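# Survey of secondary and tertiary structure
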Amino acid sequence: MSYVPGQPVTAVVQRIEIHKLRQGDNLILGFSIGGGIDQDPTQNPFSEDKTDKGIYVTRVTEGGPAEVAGLQIGDKIMQVNGWDMTMVTHDQARKRLTKRNEEVVRLLVTRQSLQKAVQQSMLS
């Protein structure tokens, strides 16, 4: 997915709802993120566009809430509970995902396989 500044972003998205796992006082999501507008986009192994400063899933804990919900390594997080995640710092993204008063996290993600499936169906 490439992005041209000033132009609308079009993406095939999937909704994922993660129910956080309570461990003592902590609520666990079971995944890690990378990226953000304050990070070096050339270090992102999940994007073909090396100027993409989006937030990507870098790790999913086996059997954890994120894996159970269907989140995959390489998914690009577009929204968290209705909040736009396309132009945030890494720390802003982390804080949005780990809000203590939210036991459910609703994500809109896009992944390369979704994009490619739609492109293939349009060619058929």
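In short, a report on the structure. Bear in mind that the values here come from a model prediction, so they are computed numbers and not experimental data.

Of all five residues that make up strand β6 (residues 76-80), four are buried, and the element is covered over most of its length. Where strand β5 (residues 55-60) lies against β6, two bridges are found, and the strand directions are antiparallel. Pairing of Ile55 across the sheet is with Ile77, part of β6. Where β6 meets strand β8 (residues 104-110), four bridges bridge the pair, whose relative direction is antiparallel. If you follow Gln79 over to β8, its bridge partner there is Leu108. Strand direction decides the pairing type here: β6 and strand β7 (residues 83-84), joined by two bridges, are antiparallel. Bridging from a neighbouring strand, Gln79 pairs with Asp84 of β7. What sits between β6 and β7 in their antiparallel hairpin is a turn of two residues, with Asn81 showing a positive phi close to 50°.

Looking at where Lys20 falls in the secondary structure, it is placed in the loop between β1 (14-19) and β2 (21-23). Among buried charged residues, Lys20 stands out as having no salt bridge; its nearest opposite-charge side chain is Glu102, 5.2 Å away. Polar side-chain contacts of Lys20 include one of 2.8 Å to the backbone oxygen of Glu102.

Parameters and conventions
- Residues numbered from 1 in each chain as written.
- Predicted model: local features only at pLDDT ≥ 70, side-chain atom pairs only at ≥ 80, totals over all residues.
- Heavy atoms only, no water.
- Buried < 20%, exposed > 50% of the residue type's maximum accessible area, 1.4 Å probe, protein only.
- Helix = DSSP H or I, 4+ residues; strand = E, 2+ residues; numbered from the N terminus.
- Pairing = 2+ DSSP bridges.
- Lys, Arg positive; Asp, Glu negative; His and termini not counted.
- Salt bridge = Lys/Arg side-chain N within 4 Å of Asp/Glu carboxyl O.
- Polar contact = N/O pair within 3.5 Å; in protein donor to acceptor, adjacent residues only side chain to side chain.

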